[in-house]
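Take a look at the letters that make up each chain.
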Amino acid sequence: MKLYEEPAPIKDKASPFESMMSHFNIAAEVLGLDEETYNVLKSPTRQVIVNVPVTMDDGKVRVFEGFRVIHSNILGPSKGGIRYAPDVFLDEVKALAAWMTWKCAVVDIPYGGAKGGIVCNPRTMSSGEIERLTRAYTASLVDIFGPDRDIPAPDMGTGPHEMAWVMDEYSKRKGSTEHAVVTGKPLVLGGSLGRVEATGRGVMVSAMAAMDKLGMNPVTATAAVQGFGNVGAWAAKLMAERGVKILGLSDVSGAYWNDNGINIDEAIAYRDAHGGRLKGYQNAEEIDSEDLLTSKVDVLVPAAVEDVITSRNADNIQAKLIVEGANGPTSYRADKIINDKGIMVVPDILANAGGVTVSYFEWVQNRMGFKWTLERVNQRAERIMKESYERVYAASEKYNVSMRIAAYIVAIDKVAMTYKYRGGF
Ligand SMILES: NC(=O)C1=CN([C@@H]2O[C@H](COP(=O)(O)OP(=O)(O)OC[C@H]3O[C@@H](n4cnc5c(N)ncnc54)[C@H](O)[C@@H]3O)[C@@H](O)[C@H]2O)C=CC1
Ligand SMILES: O=C(O)CCC(=O)C(=O)O
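Going along each chain's sequence as written, the residues are numbered from 1 onward. Written order decides the labels, with chains lettered from A and ligands numbered from 1. Note on the predicted model: pLDDT of at least 70 is required for a residue's local features to be given, and 80 or more for side-chain atom pairs to be given and counted; whole-chain, interface and lining totals, by contrast, use all residues. Side-chain figures throughout are based on the complete set of non-hydrogen atoms in the structure, without hydrogens or water.

Looking at an unreviewed UniProt entry, the protein chain carries the name Glutamate dehydrogenase, with the source organism given as Pontibacter silvestris. Regarding the protein chain, the relevant UniProt record gives this comment under Sequence similarities (unreviewed entry): "Belongs to the Glu/Leu/Phe/Val dehydrogenases family." UniProt positions are given in the numbering used here, feature names are shortened, and annotations may be inferred rather than shown by experiment.

So, on to the sheet that holds strand 10 (residues 299-302). In spatial order, the strands read 9-8-7-6-10-11-12; together these seven strands make up an open sheet with mixed pairing. Edge positions in the sheet fall to strand 9 (285-287) and strand 12 (344-346), since each has one partner strand and no second. Between one strand and the next, the sheet's axes are offset by a mean angle of 20 degrees, whatever the strand orientation. When DSSP finds at least two bridges between two strands, those strands are taken to pair. Numbering of helices and strands runs from the N terminus, with a helix taken as a DSSP run of H or I at least four residues long and a strand as a DSSP run of E at least two residues long. Looking at chain direction, strand 8 (residues 254-257) and strand 9 are connected through three bridges and run antiparallel. Across the sheet, the residue bridging to A255 is I287, located in strand 9. Only the stretch in contact is used when fitting a helix axis, every axis being a line fitted to C-alpha atoms; angles between N-to-C directions are given from 0 to 180 degrees.

Each aromatic pair joins two rings of Phe, Tyr and Trp (for Trp, the six-membered one) with centres within 6.5 Å, and gets the label stacked for planes under 30 degrees apart, edge-to-face for over 60, and tilted for any other angle. In total, this model carries 10 aromatic pairs according to the counting rule given. Both rings, one in Y111 and one in W363, keep their centres 5.2 Å apart while their planes meet at 70 degrees; by these two values the pair is edge-to-face. With Y111 in the loop between helix 3 (90-106) and strand 4 (112-119) and W363 in helix 12 (residues 354-368), this residue pair connects regions lying 252 residues apart in the sequence. Comparing Y111 with W363 shows no difference in burial state: the two are buried. Aromatic rings pair up to connect Y111, Y360, F361, W363 and W372 into one cluster. Charges are assigned to positions over rings by a cutoff of 6 Å between ring centre and Lys NZ or Arg CZ, combined with an angular limit of 35 degrees from the ring normal. Directly above the aromatic system of Y393 lies the positively charged group of K213, at a separation of 4.5 Å from the ring centroid. Accessibility here uses a 1.4 Å probe with only protein chains present; expressed as a share of the type maximum, an area under 20% marks a residue as buried, one over 50% as exposed, and anything in between as partly exposed.

A pairing counts as a salt bridge when a side-chain nitrogen of Lys or Arg comes within 4 Å of a carboxyl oxygen of Asp or Glu. Summed over the entire model, instances satisfying the criterion amount to 25 salt bridges. One salt bridge connects D150 with R68, and the closest N-O pair in it is separated by 2.8 Å. Residue D150 is located in strand 5 (residues 150-154), and its partner R68 is located in strand 2 (residues 61-72); the two are separated by 82 residues in the primary sequence. Across the pair, exposure class does not vary: D150 and R68 are buried alike. Measuring nitrogen to oxygen at the nearest pair gives 2.8 Å for the salt bridge that ties R135 to D168. Note that R135 is positioned in helix 4 (residues 127-140) and D168 in helix 5 (residues 160-174), a separation of 33 residues in sequence.

Right, let's talk about the nonpolar core for a bit. We call a set of buried residues a nonpolar core when its members are Ala, Val, Leu, Ile, Met, Phe, Trp, Tyr or Cys and they connect through side-chain atoms within 4.5 Å of each other. Formed by 92 residues in total, the largest nonpolar core has its most connected members in F24, W102, M239 and L249. Tallying contributions element by element places helix 14 (residues 403-422) first for this core, with 12 residues. Boundaries of every domain are those given by an automatic assignment or by a domain database. Here this core spans two domains, and each of domain 1 (44-177) and domain 2 (198-351) adds at least three residues to it. Contact between two residues is taken to exist if any of their heavy atoms lie within 4.5 Å; hydrogens are not considered. Filtering out sequence-adjacent residues up to four positions away, M239 remains in contact with M204, A207, M208, A223, V244, I246, V299 and V301. Residues C120, L133, Y137 and V166 belong to the second largest nonpolar core, which totals 28 residues.

You can read the domains of the protein chain as domain 1 (44-177) and domain 2 (198-351). Each of domain 1 and domain 2 has a C-alpha centre, and these two points are 27 Å apart. Opposite the 11 residues of domain 1 that make contact, domain 2 presents 10 residues. Summed over both partners, buried area is the accessible surface (1.4 Å probe) that two parts give up on being assembled. Each partner contributes to the roughly 930 Å² buried at the junction of domain 1 and domain 2, and carbon and sulfur atoms together form 54% of this total. Counting the contacts that link domain 1 with domain 2 gives one salt bridge. Between E306 and R83 there is a salt bridge, with the nearest N and O atoms lying 2.7 Å from each other. Here a polar contact means two N or O atoms within 3.5 Å. Within protein one must be a hydrogen donor candidate and the other an acceptor candidate, and residues neighboring in sequence count only if both atoms are side-chain atoms. Here domain 1 and domain 2 share three residue pairs in polar contact (both at pLDDT 80 or more) between them.

In structure tokens:
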């Protein structure tokens, strides 16, 4: 009997968690972390696998596999997005959860790290099916989530609407309206101004800070951006507004190049009118997606998926600066090659932390029952991003390590110190 046609989850990818641990280990050694703290910090607190039945539009019931991994709650309630993707797998969610722990520590916000995922392809599902799936997943995790326990948010394949369903389902089951249980909500449901663009804005702020250190003038600089979803499109738009010429863009449908620069607002309008993809975009030449990463630009922004910069292409990268909008876009081996080439990398746990920073502001506003202006949100987020950049830069000078290892050092040091003070685990 034929069951359901969907690509099987890819289980044989290189382990993203091991890749995360390779960096963790270097930083732990620099810090001289003791064995007890090392073991506590590396081990995810909780890994939950759920199987949720959902009635599809054709009346059949299909079972979806979902995950929620809480890596750490030492700094506070765990925080992290929910990913909807056909190939999401537990080890990947484990790595993403750990990156959330380090990210929150790098930008000094009072959260631990978590991440969720559901093996599904939202592009092939109706809005009703996605709603029922989101509600079923939330219902199965109602005792894990909570404004003081574990607070989800958007990630790849999810956005404000899914977060609204999470908030509503959780609130119904608790019998009270719980805005602060999830962030990245629509504005009318207690979302924060500035959250949608926050991750891309943080990428732009990080890029500007790094360009300043490198003596690069944004007005004469060029860039290529991989991924044209929430993070990539906002990063491209805001960098272009600072004068950077975006020569290349890509999404899952292909890569697009224009020597004179791509008009980002026009590309966003095209994407939104064409099912969320750039396929068929006329005002640029279609190029090989792999070539985008090694193209002749000053700044490269990977803002799509993990492991796109690998030992296969790292040696050919021509950019002088890489700003990681995506989580984990650079493999461990590629990272070494890039460092040897003298390319500056603003690592994911710093560069894309603008999103969780404004999520924190959303949670604070929900708890205060008060709304901040966009100006206030942006000013505070920008200040946090700049200060965090300087903190990591100073650590990289102090320990003579890359920005990535410096970010891990800053993060691990903070979590380890908090663990020591709390004690009694
Ligand atoms: N949304 C957020 O606030 C945050 C997202 N991130 C990370 O940023 C990355 C992107 O997330 P979002 O923009 O939210 O997702 P999204 O779902 O809005 O967009 C993903 C984009 O990547 C493209 N894409 C997928 N596979 C690709 C491939 N192989 N090559 C080129 N493009 C490809 C898609 O077509 C789409 O344009 C992920 O790594 C996510 O974990 C990190 C921090 C916060
Ligand atoms: O906004 C948040 O709470 C988390 C966003 C996220 O999943 C990430 O930074 O990778």
